[in-house]
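Summary of the model geometry
Chain by chain, the residues run as shown.
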Amino acid sequence: MQSEKAKPPSYLNYRRLLVILLLSLILSLIASTKDPFKLSEYHYGDIARKSIKSPADIYLPDKDVTMKKGEIIVREGDRITDEHLRKLSRVEVRESTAAFSVKNLMLIFLLLFFTLTLIYEYADRNIKKFTLTEKDSNFAAVFTVFMALLVKASTLIFDHFAPSSAPYLLYIVPIFCYGIILRIVLFSEAALIFSIVFATFMGFLFENSLPIFLYTLLGNILASYYSGKCENRNTVLKAGLYTALIMSIIVILFDALQGNSLSNVPLKVVFIVFNGVGSSFIALGLLPVIEHIFNYTTDIKLLELANLEHPLLEEMMVNAPGTHHHSIVIGNLAKAAAESIGAHPLLARVSAYYHDIGKLKMPHYFIENRTGNDDAHKGLTPNMSALIILSHVKEGIEMARQFKLGKKITDMIGQHHGTSLVAYFYNRAKELEDPKLHVIEEKDFRYAGPKPQTKEAGIIMLADSVEASSRILDDPTPKRIETHVQEVIEKIFLDGQLDECELTLKDLQAIQKSFIAILIGIFHHRIEYPERTIHDGTDKGITKIAGNGQKNGQKDHRRFTNIFKATG
C-alpha cells in the first residue's frame, strides 16, 4: 500500500544535511558545556542542599587516599566542615579543568544527529503536509539555537545568583514560545517534529532528565495546538495561558510519581504561569522581527493586511472601485469556502483582497471599472487587448513585492488565473484571423501560470470566476445561480486548472454549496414598494388636503423639501 504522501520520497540533499549537521553540533556544544564554578557557593557551616558524589576517582595528597567514583562526599542536610571543603575543592578543581568534555560532546552530537536525521526523514517521507523549503529549514535551525542559548544562559544565571531556587526557576524560562512561533510561522507538523528535537536537547542539557524532556515536549505541543489559526492577537495570549494551566497539572503529576514533596508545588505553578504568559508576549515581540528577516507571512501579518486602510486597498477604492468591490466580494466567498473544507480562511480572504492589485496600473481597461459606454479596448487589436489583460498578473506580483505583502499572497496573485484562456479576445482574434498572414495560437492568449498550488489558491480562482460571471446573470433565481456556479466550477476543473492543488471532488462540492448560499444572499429579491404619491394620500408622510382646503391633521413638509430644489 502506498504512502498517503502525494509527493515522491525525498533524499537528504547536501544542504539539508549540512543544516542538520551544524544544528546537531551547536546543540551538543551547548549541552555538553558545564559551569566550572558550580560548587563554589559552599562555605564553612553551610547546609548541603543535596548529596554530592565524587564524579571520578580523585586523589587526595594530604591524606594519601583516593576518593572512588560515586563515593558520597557530603550528604543532603549535613553541615559543611573543613573536611568537606577540602574534598569539594578537589572536585571543583577537577570540574573546572573538565568543564568541557570531548567525550560527552561527541556522544551527544551523534545522538542528536541521528535523532534529527531519522525524525526529519521519516516526517518528510510519511507525513503528508510536512514540506520544508530551504528557508524553512534555516529558520527552524536558527530559532532552535536561539532558544537553546536562552535556556543555557538562564540556567547559568540561576545557578550563580539563586542556586537554592535554581531547580524551580527552570520553570519560569519561556520555552513555550518555541511551539507558538513554529506553529504560527511554519505549520503544526513542523512544530511537532522540531519540538521533539528541542525536548531531546533539553533532556541532555539537564543530565538526561526524562521529566524535563516530557515537560518541554508536551508544553510545546500544547502551545502549538492552541496557536493554530491565529486570527487575532488574543489567540497567542490564550495559547500561553492554556498551556501553562495544563502543564501545571502535568508537573504536579510528575512530582507525585517521583515521590517529591508537594510543598513546592504552588511556587512551580506560579513560575509555569509566568512562563506561559511570558512566552506569549515574547512570541508577539519576535514575530515582526522574524517576518522582516525571513520574509514570512504569518497570521499576525495577515491581520494587518486585512485592514481596508492599507495603501494598496485605499488606492484601489479610489482609482479602481469596481475591482475593489469585486475583491471584497471574492474575499467573502473565499473565506466561506475555506471554512467549509478546512483550509485557511484568513489567508484566503486576505489574498482575495489583493489578488487583482495589478489592475491598478491600467484600471480603465477592465470592464468593472468602466464608466459610461466608453470602451478602452476600442481601436486595439485583440492581441494587444489580451496582452493588457494578461499583464495584470505580472504587475500584481511586482506590486506585491514592492509593498512586501509576503510570499504566500504573492504566490496567490501569480496563481489565481493559472494558465486559463482569455476566451473573449481569443475568439475575436480567431474571427479576424487570416491563415495566410498569421496563425492565432491559443498559448498567446493564456496566462503564464503556474496553476494553483494550494487549496486557498484554487478557491481564489474559483471565486474569481464565479463572481465575475455571475454579474451577467439575467433574473438570478436560486436555481439559475446554482446551475451557473456548477457550470463555472466544472469548466475550470475540466480545463485542468485544479490539477496541481489539493482540492478533491468532495471539496469542490462543499465549495460550490458555500458559493451558492452567498450569491443567493447577494442577489435576493426585494419587495417592490408602492410608488409614493401626494394626491391619493397613500404616502402617510404627505398631508392630504380636503376639498374645503383644510389640512387633514398631517404636517405639511413642502416648505422643508423646497430647500432641496434648485434655485435660479
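Now for a description of the structure that goes with this document. (Residues numbered from 1 in each chain as written. Predicted model: local features only at pLDDT ≥ 70, side-chain atom pairs only at ≥ 80, totals over all residues. Heavy atoms only, no water.)

With that out of the way, let us pick up the packing of aromatic side chains. The tally for this structure, following the rule as stated, stands at 18 aromatic pairs. What links up through ring pairs into an aromatic cluster is the set Phe139, Phe143, Phe146, Tyr178, Phe198, Phe201, Phe294 and Tyr296. Against the face of Tyr296 rests Lys135, its NZ or CZ located 4.3 Å from the ring centre. (Phe/Tyr/Trp six-rings, centres within 6.5 Å; stacked < 30°, edge-to-face > 60°. Lys NZ or Arg CZ within 6 Å of the ring centre and 35° of its normal.)

On to the pattern of salt bridges, then. Following the criterion strictly, the structure yields 18 salt bridges and no others. Among the salt bridges present, the one from Asp255 reaches Lys268, with a minimum N-O distance of 2.8 Å. Note that Asp255 is positioned in helix α9 (residues 233–258) and Lys268 in helix α10 (residues 265–294), a separation of 13 residues in sequence. The pair formed by Asp255 and Lys268 is uniform in burial state, with each residue classed as buried. (Salt bridge = Lys/Arg side-chain N within 4 Å of Asp/Glu carboxyl O. Helix = DSSP H or I, 4+ residues; strand = E, 2+ residues; numbered from the N terminus. Buried < 20%, exposed > 50% of the residue type's maximum accessible area, 1.4 Å probe, protein only.)

Moving on, we get to the nonpolar core. Among the nonpolar cores identified, the biggest contains 71 residues, and Phe139, Leu186 and Phe201 are the most heavily contacted of them. Here Phe201 is in contact with Leu27, Ile30, Ala31, Leu112 and Ala148, once residues within four sequence places are set aside. In this structure, Leu333, Val485, Val488 and Leu503 belong to the second largest nonpolar core, which totals 50 residues. (Core = buried A, V, L, I, M, F, W, Y, C linked by side-chain atoms within 4.5 Å. Contact = heavy atoms within 4.5 Å.)

Helix α3 (residues 102–126) packs onto helix α1 (residues 14–32) with a crossing angle of 140° between their chain directions and a minimal axis gap of 8 Å. By the angle between their axes, α1 is oblique relative to α3. Handedness of the crossing formed by α1 with α3: right-handed. Residue-level inspection shows Arg16, Leu17, Ile20, Leu21, Leu23, Ser24, Leu25, Leu27, Ser28, Leu29, Ala31 and Ser32 of α1 in contact with α3, the latter providing Asn104, Leu105, Ile108, Phe109, Leu112, Phe113, Leu116, Thr117, Tyr120, Glu121 and Asp124. Split by residue class, the contact of α1 with α3 holds 15 nonpolar, 5 polar and 3 charged. (Axes fitted to C-alpha atoms, helices over the stretch in contact; angles between N-to-C directions. Parallel < 35°, antiparallel > 145°, perpendicular 65-115°, else oblique. Left-handed = near helix turned anticlockwise from the far one by under 90°. Nonpolar A, V, L, I, M, F, W, Y, C, P; charged D, E, K, R; others polar.)

What follows deals with the side chain of Arg349. By secondary structure assignment, the location of Arg349 is in helix α14 (residues 345–354). Discounting residues that sit within four places of it in the chain, Arg349 has contacts with Ala306, Gly331 and Lys335.

Time to look at the side chain of His324. Following the sequence through the fold, His324 ends up in helix α13 (residues 321–341). Residue class for His324 comes out buried when judged on its relative accessible area of 13%. What His324 contacts, discounting residues up to four positions off in sequence, is Leu313, Met316 and Met317.

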